[in-house]
Amino acid sequence: MPDPQPIPINAKFDDDFVTQLVVVLNTDTMRKVAIKVAHHVVGKRLPKRDADMVVRYQGRVLSADMTVAEAGIAPLQNVYVDWVEKGVTP
Amino acid sequence: MARMKREEWYNIARDVDWTRSYVDEEAVFPEWLSGSGKEPREAWKSWDEPYKCAYSDYVATQREKEGSVYAVKAALQRSNIFESLDEGWKSTAKVHFGAVSLIEYLAVLAEQRMGRFGLSPAWRNMAVFGALDEIRHTQMDLYLAHEFIAKDPQFDWALKAYHTNEWGIIAARATFDGMMMNPNVVDIAVQLPFTFETGFTNLQFVALAADALDSGDISFANMISSTQTDEARHAQQGGPTLEILMQHDPKRAQWMIDKTFWISARLFSLLTGPGMDYYTPLEHRKQSYKEFMEEWIVAEFLRLIEDYGLEKPWYWKEFLAGLESWHHSLHLGVWFWRPSVWWKPQGGVSKAERAWLQEKYPHWEEQWGPIWDTLIQNINAGNMEGTLPETLPWLCNLCHLPIGTAASPHNPRYPVRSYPLTHNGYTYHFCSRPCRQIWWEDKDTLHQKTVIERLLTGEIQPPDEGGILAWMGLTPEVMGDDAYKYKWAEEYREPAAAAGAEGGLHA
């Protein structure tokens, strides 16, 4: 089985004020991608919340169990992570 | 022997030129440097500077100005003014010295290029004075900053900054290379003297001079006021050049002004906005950054371009909206990524300062309050890691500023997002539509790799926080930290305060 490949993405989290470089793996699920993106924002610039997160890519909401490779997320692409209460259904 | 009056000989001396018999005109004034474009060469004979200046006048005036600046400095050198200056103001001065000193030197080269390749002898004459001006400005900046190095090593960045890859310096270098080094001299004249010096140096030199005086830094105020008197003169090279351009190629004139104004506005929201609205002590602030921009830049610029028959830039509404938010976003970014700058950004968000910000910017609390509140909670909980970065913001491929800083949270009109563009199979990212459009049109003279791109292509080793800061030239004694050592956050302290709200992450 090939080693997981790093995929640098341009990620934005919810109401944060910038987009950031986050390196995910092609084997990461969207659950893991959300945690990696949130790590740089939640508890730092935005408060923690007891809520689910969703990942959006090219306008699509991605299933939490889908991997980066399955979603077709390519390097340097925009990925948006939001709290579910923003009105997006996971 | 009686001397002739200046007006009797000035035009003849100024217009000395000759027809070359042994070398082609194109070899002496190659189009790629002289940039005449659609303008016939004959058109340049009408170039006429509005401000007449002979060399003897120039030297006498400059000598007086120099004497004044250095006399004030010498008088104050023996005082203990430096020790009494506010740390926030010192940061404003450090930003200026680092970002401006060697740009003055870059302007020497731009003026010399106009002095060599300008197609009018009158223009070349004025450009020589311009080059001498810029040498003087470089010397003054470096000399004044040098005095403070022994007291604070961050002042060493007056000379060092442009020899590093610090991210703000990359943004400034890209802006000024695109304005002064990469274009032909006609485009330089429209971009540098007309758009930048006529518009934006007012911001840096007039506004800052007032803030410096109020903050007690008399020597600095004196220096930049002296600089501005030169700028006001040599900026006038732009007008006659633009007049000729408007007769033969107004579309080119409009584009050069539009793009330069936008890029300059983006950069100054980093270099000047935070200094005016956050670093200058509250009791010394006369105008907000937005108020100053509206009075000195917006009104003046519109009057100026209308005089020449030009239109407002296509992005005007977006620029005006940006006066409400860009510099707040960049201030927050500079403070959060503070180890990556050569000054000490002060938070500037005590309760009294926030009240002032909210009064000046009615959406401030809604857009920026929640983020600062979270940071303040972390400070007061002793969780300093929660106030520091572990990755980089994505940077705009044109202005090199973080993506999101041409927008703001809770802003439906200009939301925080990237404006991507895929070209030859590669995705570039931009902070705004204007940055994307300008890059697309003029990428040949404007493109430089961003820090993110250098990191991802392996230029920065090791590719971690320490490696990035070392690559930027930031050593521990120079890295930025909060100007007041976070004391301003204490008034928010509540018993048993804890960072963030309760709860965990679920996906």
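What you see is a predicted model; the values in this text were computed from it and never measured.

(A) Broad picture of the overall build of chain A. In terms of regular secondary structure, chain A is built from two helices and five strands. Start at the N end of chain A and walk to the C end: the helices and strands fall as β-β-α-β-β-α-β. Compactness check: chain A gives a C-alpha radius of gyration of 12 Å against a globular reference of 12 Å for 90 residues, within 12% of the reference. Taken over the C-alpha atoms alone, chain A extends approximately 40 × 25 × 20 Å along its principal axes. Partitioning the intrachain contacts of chain A with sequence separation of at least 6 by distance along the chain shows that 65% fall at a separation of at least 24.

(B) Quick peek at the overall build of chain B. Per the secondary structure count, chain B includes 22 helices and three strands. What you see for chain B is a C-alpha radius of gyration of 24 Å, in line with the 23 Å of a compact globule of 507 residues. The principal-axis extent of the C-alpha atoms belonging to chain B is close to 85 × 60 × 45 Å. The proportion of buried residues among the 507 residues of chain B is 49%. Sequence-distant contacts in chain B: of pairs separated by 6 or more residues, those separated by 24 or more amount to 81%.

(C) Seen up close, the pairing of strand β5 (residues 78–83) of chain A. All names here are of chain A. Buried residues dominate β5, accounting for five of its six residues. One ladder, built from four bridges, connects strand β1 (residues 6–13) with β5; its direction is parallel. The residue bridging A11 from the neighbouring strand is V79, located in β5. Alignment of strand β3 (residues 51–57) against β5, held across four bridges, turns out to be antiparallel. Looking at β5, one finds that R56 is bridged to Y80.

(D) Fine view of the nonpolar core. Counting 159 residues, the largest nonpolar core has V55, V79 and V81 of chain A together with A171, V190, C396 and C399 of chain B as its most contacted members. When near neighbours in sequence (up to four residues on either side) are disregarded, V55 of chain A contacts M30, V33, A34, L62, V79 and V81 of chain A.

(E) Inspection of the interface of chain B and chain A at higher detail. Counting residues at the interface gives 37 residues for chain B, matched by 32 residues for chain A. Sorting elements by how many residues they give to the side of chain B that touches chain A places helix α19 (residues 364–380) of chain B first, with four residues. Of the residues that constitute the side of chain B that touches chain A, the class distribution is 18 nonpolar, 16 polar and three charged.

(F) Broad picture of unusual backbone geometry. All names here are of chain B. Looking along the chain, the bond that leaves Q461 and enters P462 is cis, with omega of -15°. As for its position among the elements, P462 is in the loop between α21 (451–456) and α22 (465–471). For K485, which is not a glycine, the phi torsion comes out positive at approximately 55°. If you trace the backbone, K485 turns up in the loop between α22 and β3 (505–506). Phi at Y486 takes a positive value of approximately 70°, unusual for a residue other than glycine. Among the secondary structure elements, Y486 is positioned in the loop between α22 and β3.

(G) Quick peek at the packing of helix α9 (residues 167–181) of chain B against helix α13 (residues 250–271) of chain B. Residue and element names in this part refer to chain B. Closest axis-to-axis distance for the α9/α13 pair is 11 Å, and the angle between their directions is 155°. Comparing their axes, α13 and α9 come out roughly antiparallel. Viewed along their axes, α9 and α13 form a crossing whose handedness is left-handed. Between α9 and α13, the contacting residues are G168, A171, A172, T175, G178 and M179 on the first element and T260, I263, S264, L267 and L270 on the second. Counted by class, the contact of α9 with α13 contains six nonpolar, five polar and no charged residues.

(H) View of the environment of K443 of chain B. Summarising the element assignment, K443 of chain B is placed in helix α20 (residues 433–446). Residues K443 of chain B and N397 of chain B lie 46 residues apart in sequence; the distance between their C-alpha atoms is 9.7 Å.

(I) Spatial organisation of the environment of S340 of chain B. Looking at the secondary structure, you find S340 of chain B in the loop between α17 (326–336) and α18 (351–360). Considered as a pair, S340 of chain B and A172 of chain B are 168 residues apart in the sequence and their alpha carbons are 15 Å apart.

(J) A look at the environment of A355 of chain B. With respect to the secondary-structure elements, A355 of chain B resides in helix α18. The class of A355 of chain B is partly exposed, set by 13 C-beta atoms lying within 10 Å.

(K) Fine view of the confidence of the model for chain B. Counting all residues, the mean pLDDT for chain B is 92, and 97% of those residues have values of 70 or more. Every residue in residues 497–507 of chain B scores below 50 in pLDDT, and together they form 36 contacts with partners more than four places removed in sequence or on other chains.

(L) Local environment of the pairing of β1 of chain A. When you tally the buried positions in β1 of chain A, you get six out of eight residues, the bulk of the element. Counting the residues in the hairpin turn of β1 of chain A and strand β2 (residues 20–25) of chain A gives six residues, including D14 of chain A, whose phi is positive at 40°.

(M) Summary view of the packing of α13 of chain B against α20 of chain B. Residues and elements named next belong to chain B. The N-to-C vectors of α13 and α20 enclose an angle of 130°; their axes lie 11 Å apart at closest approach. With respect to their mutual orientation, α13 and α20 come out oblique. At the point where α13 passes α20, the crossing takes the left-handed sense. For the pair α13 and α20, the contacting residues are K259, W262 and I263 in the first and P434, I438 and D442 in the second. Residue composition of the contact of α13 with α20, by class: four nonpolar, no polar and two charged.

Definitions and cut-offs
- Residues numbered from 1 in each chain as written.
- Chains lettered and ligands numbered in written order.
- Predicted model: local features only at pLDDT ≥ 70, side-chain atom pairs only at ≥ 80, totals over all residues.
- Helix = DSSP H or I, 4+ residues; strand = E, 2+ residues; numbered from the N terminus.
- Rg over C-alpha atoms; globule rule 2.2 N^0.38 Å.
- Contact = placed C-beta atoms within 7 Å.
- Buried ≥ 20, exposed ≤ 12 C-beta atoms within 10 Å, placed from the backbone.
- Pairing = 2+ DSSP bridges.
- Core = buried A, V, L, I, M, F, W, Y, C linked by C-beta atoms within 7 Å.
- Nonpolar A, V, L, I, M, F, W, Y, C, P; charged D, E, K, R; others polar.
- Axes fitted to C-alpha atoms, helices over the stretch in contact; angles between N-to-C directions.
- Parallel < 35°, antiparallel > 145°, perpendicular 65-115°, else oblique.
- Left-handed = near helix turned anticlockwise from the far one by under 90°.
- pLDDT = per-residue confidence, 0-100.

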